[in-house]
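Structural description and commentary
Each chain is listed here by its residues.
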Amino acid sequence: MALKSSACVLRLNTLRRAARLLSTHTRPETVQNGKTADFPGAKAPYVNEIKFLNENSYDPIPIYRVLDNNGEVIDNREEPNIDKETLVKMYKNMVQLNQMDKILYESQRQGRISFYMTNYGEEGIHMGSAAALAPQDLVFAQYRELGVLLYRGLTVTDIVNQCFGNCEDAGQGRQMPVHYTSKPYNLVTISSPLATQMPQAVGAAYAFKRTPNNDRVVICYFGEGAASEGDAHAAFNFAATLDCPVILLCRNNGYAISTPSREQYRGDGIAARGPALGINTLRVDGTDTLAVYNAVAQARQLTLTENKPVLIEAMSYRVGHHSTSDDSTAYRSVEEIEKWTKDENPVQKFKLYLERKGLWDADSDKSQQKEARDIVVKTMQEAEKKKRPHWREMLEDVYCEMPPRIQKQMQQMEDHLKKYNEHYPLNQHQSD
Amino acid sequence: MALKSSPVVFGLLARLSRRSFSTSKALASKPVTVRDALNQAIDEEMEKDERVFVMGEEVAQYDGAYKVTRGLWKKYGDKRVIDTPITEIGFAGIAVGAAFGGLRPICEFMTFNFSMQAIDHIINSAAKTYYMSGGQIPVPIVFRGPNGAASGVGAQHSQCFGAWYSHCPGLKVVMPFSSEDHKGLMKASIRVNDPVVFLEDEILYGIPFPMSDEALSPDFVLPIGKAKVEREGKHITVVCAGRATDTALQAANELAGNGIECEVINLRSLRPLDFDAIARSVAKTHHLVTVEQGWPQSGIGAEICARVMESSTFFELDAPAWRVTGADVPMPYASSLEVLALPRPKDVTAAVAAVLGNKISEAASQ
Ligand SMILES: Cc1ncc(C[n+]2csc(CCOP(=O)(O)OP(=O)(O)O)c2C)c(N)n1
Ligand SMILES: [Mg+2]
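Source: prediction; values computed, not measured.

1. A few points about the coordination of the magnesium ion (ligand 2)
Residues and elements named next belong to chain A. The magnesium ion (ligand 2) binds to the protein through Glu 224 (OE), Asn 253 (OD1) and Tyr 255 (O); the donor distances cover 2.0 to 2.3 Å. Read from N- to C-terminus, the donor residues coordinating the magnesium ion (ligand 2) fall into the pattern E-x28-N-x1-Y. By the burial criterion, Asn 253 is buried, and Tyr 255 matches it.

2. Things to note about the UniProt feature "domain: Transketolase-like pyrimidine-binding" (unreviewed entry) in chain B
In the numbering adopted here, UniProt assigns the feature "domain: Transketolase-like pyrimidine-binding" (unreviewed entry) to residues 32-207 of chain B. The span residues 32-207 of chain B is 38% helical and 16% strand by assignment, and the distance between its end C-alpha atoms comes to 8 Å.

3. Let's talk about the environment of A:Glu336
All names here are of chain A. Relative to the helices and strands, Glu 336 is located in helix α10 (residues 334-342). What makes Glu 336 partly exposed here is its relative accessible area of 28%. Between the alpha carbons of Glu 336 and Val 319 there is a distance of 9.4 Å; along the sequence they are 17 residues apart.

4. Structural notes on unusual backbone geometry
For the bond from B:Arg271 to B:Pro272, the omega torsion is 0°, close enough to zero to count as cis. Locating B:Pro272 in the fold gives a position in the loop between β12 (269-271) and α11 (275-285). One non-glycine residue, A:Ala195, adopts positive backbone phi at about 75°. In this structure, A:Ala195 sits in the loop between α4 (156-164) and α5 (197-209). Positive phi, normally seen in glycine, also occurs at B:Ser298, with a value near 55°. Checked against the element boundaries, B:Ser298 lands in the loop between β13 (288-291) and α12 (300-309).

5. Description of the interface of chain A and chain B
Often, the extent of an interface is quoted as the loss of accessible area on bringing the components together. Taken together, the contact pairs 39 residues of chain A with 32 residues of chain B. Summing the contributions of chain A and of chain B, the shared interface buries around 2800 Å²; its carbon and sulfur component is 57%. For chain A, the biggest contributors to the area lost against chain B are A:Met176, A:Glu229 and A:Met394; these three give 18% of the whole. The salt bridge partner of A:Arg405 is B:Asp328, with a shortest N-O separation of 3.0 Å. Linking chain A with chain B are nine residue pairs in polar contact (both at pLDDT 80 or more), by the criterion used here. Elements represented by at least two residues in the side of chain A that touches chain B include exactly α7 (261-264) and α13 (404-420) of chain A. Top contributing element to the side of chain A that touches chain B by residue count: α13(A), with five residues. For the side of chain A that touches chain B, the per-class residue count stands at 15 nonpolar, 16 polar and eight charged.

6. Considering the sheet that holds strand β9 (residues 228-231) of chain B
All names here are of chain B. The strand order across the open sheet formed by five strands is β9-β11-β10-β13-β14, and the pairing between neighbours is mixed. Either end of the sheet is taken by a strand with one partner, and the two such strands are β9 and β14 (322-324). Ignoring strand direction, the axes of neighbouring strands in this sheet form an average angle of 25°. Relative to β14, β13 is paired through three bridges, and the arrangement is parallel. Within β14, the residue paired with Thr 290 across the bridge is Arg 323. Seen against the sheet, α12 touches β10 (236-240), β13 and β14 and runs at an angle of roughly 155° to β13.

7. Let's talk about the pattern of salt bridges
Pairing is possible between side chains that carry opposite charge, provided their charged atoms lie close to one another. Residue and element names in this part refer to chain B. Counting across every chain of the model gives 44 salt bridges over all chains. When the shortest N-O distance is used, the salt bridge between Lys 75 and Glu 47 registers 2.7 Å. One end of the pair, Lys 75, is in helix α2 (residues 72-76); the other, Glu 47, is in helix α1 (residues 34-48), with 28 residues separating them in the sequence. A salt bridge links Lys 79 to Glu 50, with the nearest nitrogen and oxygen atoms 3.6 Å apart. Here the residue Lys 79 occupies a position in the loop between α2 and β3 (81-83), and Glu 50 occupies one in the loop between α1 and β2 (52-56), the gap between them amounting to 29 residues. Exposure class is identical for Lys 79 and Glu 50. Each is exposed. A network of salt bridges, in which partner residues are shared, links Glu 44, Glu 45, Lys 183, Lys 187 and Arg 191.

8. A short note on the site of ligand 1
Residues in close proximity to ligand 1 total 23 residues, the closest being A:Tyr143, A:Arg144, A:Asn253, A:Tyr255 and B:Glu88. This site is not confined to one chain, since residues near ligand 1 come from chains A and B. Within the backbone of A:Ser192, an N or O atom sits 3.0 Å from a nitrogen atom of ligand 1. Within the backbone of A:Gly225, an N or O atom sits 2.9 Å from an oxygen atom of ligand 1. Protein chains shield 96% of the accessible area of ligand 1, which is 590 Å² for the free molecule. Residues of the shell around ligand 1, tallied by class, amount to ten nonpolar, seven polar and six charged.

9. Section: the sheet that holds strand β4 (residues 218-223) of chain A
Residue and element names in this part refer to chain A. The strand order β3-β4-β5-β9-β8 describes an open sheet built from five strands, whose pairing is parallel. Looking at which strands have only one partner, the edges of the open sheet turn out to be β3 (138-140) and β8 (280-285). The average angle at which neighbouring strand axes cross in this sheet is 20°, direction not considered. Relative to β4, α5 is tilted by about 170°, and along the sheet it contacts β3, β4 and β5 (246-252). Helix α9 (residues 289-306) contacts β4, β5, β8 and β9 (310-315) of the sheet and is inclined by roughly 165° relative to β8.

10. A word on the domain arrangement of chain B
All names here are of chain B. Partitioning chain B into domains gives domain 1 (7-24 + 225-364) and domain 2 (31-216). Placing a centre on the C-alpha atoms of domain 1 and another on those of domain 2 gives a separation of 26 Å. In total, domain 1 and domain 2 occlude about 2600 Å² of area from one another, counting both sides; carbon and sulfur atoms represent 60% of this. Together, Arg 243, Arg 268 and Arg 271 form the three largest contributors to the area buried by domain 1 at its contact with domain 2, with a combined 27%. The interface formed by domain 1 and domain 2 holds twelve residue pairs in polar contact (both at pLDDT 80 or more) in total.

Rules and cut-offs
Residues numbered from 1 in each chain as written. Chains lettered and ligands numbered in written order. Predicted model: local features only at pLDDT ≥ 70, side-chain atom pairs only at ≥ 80, totals over all residues. Heavy atoms only, no water. Donors = N, O, S within 2.8 Å, 3.2 Å for Na, K, Ca; no water. Buried < 20%, exposed > 50% of the residue type's maximum accessible area, 1.4 Å probe, protein only. UniProt positions renumbered as here; feature names shortened; annotations may be inferred. Helix = DSSP H or I, 4+ residues; strand = E, 2+ residues; numbered from the N terminus. Contact = heavy atoms within 4.5 Å. Buried area = accessible area lost by both parts, 1.4 Å probe. Salt bridge = Lys/Arg side-chain N within 4 Å of Asp/Glu carboxyl O. Polar contact = N/O pair within 3.5 Å; in protein donor to acceptor, adjacent residues only side chain to side chain. Nonpolar A, V, L, I, M, F, W, Y, C, P; charged D, E, K, R; others polar. Pairing = 2+ DSSP bridges. Axes fitted to C-alpha atoms, helices over the stretch in contact; angles between N-to-C directions. Near = heavy atom within 4 Å. Areas by Shrake-Rupley, 256 points an atom, 1.4 Å probe, with all protein chains shown as cover. Domains from an automatic or database assignment.

Shown next as structure tokens:
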């Protein structure tokens, strides 16, 4: 966001040329009248001429990328050094993600689950960011980040169990599908009201910062629509003023349900807000897995070593409908969708890259697709057969310590069931 | 389910079926869904008054998340049907400011659950500015949207805000039941100079209710603060509002088969609360049960019981009053539990039986 006229962007030496982060610490080259004001609220040069600044005063924030549409590395110095196993793991997880989306979406249509949201178009953001994080990092997600969870180790079984709300769901069947939770994989429970995860992520990062020898960062995913909520501004401002180790990663997929981003905000997207609030900021091509990887890897390094937040705006396109309750053809054209499924398909680009490196071919793809599909189908069949949570779950977890009144009800229910168990479908529920 | 006499039961109960909705015996000229009745009301008022406009998430081209504003954007355009960025606190504030500036906004929350993000504007600004400005600045806004539990949307999307908002002086709080209620009260809410919280129900949107010719006319307005006796009866008064009215009417139907005549009072508005209507009815029936979907503590039923205690109506009671409410838990996602966490007709019939049999203490001790 360098001022077109004079200011220049300070390059952080920890960062490589192309992946430079934007910083607000611009140094005016010429100080008019040789005088710089020293107000508590602003240290800036004086000028003698009125000039309003607007979005056209700045160049658009550039979009960092590594791969072209054919999966070829554009500048070899930017190719990340990721080992072969990891690259293949990233791709396999993309395949798995696509198959889960396809089958779980269908299963909602068949009435087997009540709700679902797909991730098409954002696979690159998921795998690129997840691979650059450490397992101990804490993830705050919005809802459209299933790939991140898969990469971190949640199994197809964990995910399907959540969607079916059976007794093996970590959330005990208490939330709608896609509201995952995983303590072991450091995923904070997904919450429906938008953007609430953002200041909470900053709060968690603040807690980490206070831990001696902290080796954890927080990553917070959010949509460009959610970024309109007041919580988003609060999160940016606190992340900066509290100097927190947090990566705020915006998935700008162009839509919030039916609202296109051009109606969601004016100005240069979400990234433009970062430097304004004193946050190191980078905009990246979210359909380019390697670019996202580089961005998040460097952001992680920076935020961990310097306790400075980083804002990343990953540009992409929401290829699928918003959710199973939406039909997006009502507000966008099929041609528009096609453009993003064909030319800018993140999975395709990454696959071409792997093929060029000799790590992948059509045969392995075919068998991987089949394997990924089969495991989802099989897991779903199993999930449907699994029991529902124990009846006791109905009375648990409203408070950490069960109030006496509820304890009494629990006992009554226990006694009642001893006498009348044949009237209840207890065999459908998990038992002691 | 404050009624502890009906132990929490597992087992799938038939889902709220559309056909099971009891409709009033109004001169059935034409069945109109609640959604269409709301749409009609808003359309008519927009036509009548240039200052009225609608704003909210997805209300324009998309016709609203629940299609209540269908066709209005086509008819009135961007100037009067405004899609907002996703910020409830933002557009609630914009609505308040627009009202300060002389317009009459209708502010749609995709669901009232999201109004919590905006609650400061509603309570601290909309409800209090007329007072704080020494009566100079009225704030004519309708905050509307679906309230309470829908079906299968879990703890964060299934709460009733009736008691929350009706707690606050400066607000009017409306909770309609039938299509007629929705139409007449929406029009009144748009016309009134105070801020109104208009609590709809997603399940009711698709329900057709017969509407009289009078109700279909553009002049039809209902007074805010007047309850409606949905069914007359002499044995017990059942007070309810919104979708709980359906639960009460179903129970009343069933009880009538056993010779028990319930007087079902549809409050229509929670603030002002038509206590006179309740008092009149209790003076006749001497028994009282309240039905609501919200949680029991500090709820609507609690308010009604307190007003009974504080008035001579207390002496009319032959037995303690009883509340039937939503269960005192975050809403379970599991459909089998969800139906049990909301008042069912059978909870109402059990409550009525307990009150009429003066068996409250017995029921409560269980
Ligand atoms: C506070 C709040 N308001 C409204 C909603 C309804 N809602 C759910 S998702 C969504 C769109 C969010 O869009 P975006 O943040 O861009 O994420 P995307 O769906 O594109 O991934 C909306 C409006 C909500 N969940 N919470
Ligand atoms: Mg979006």
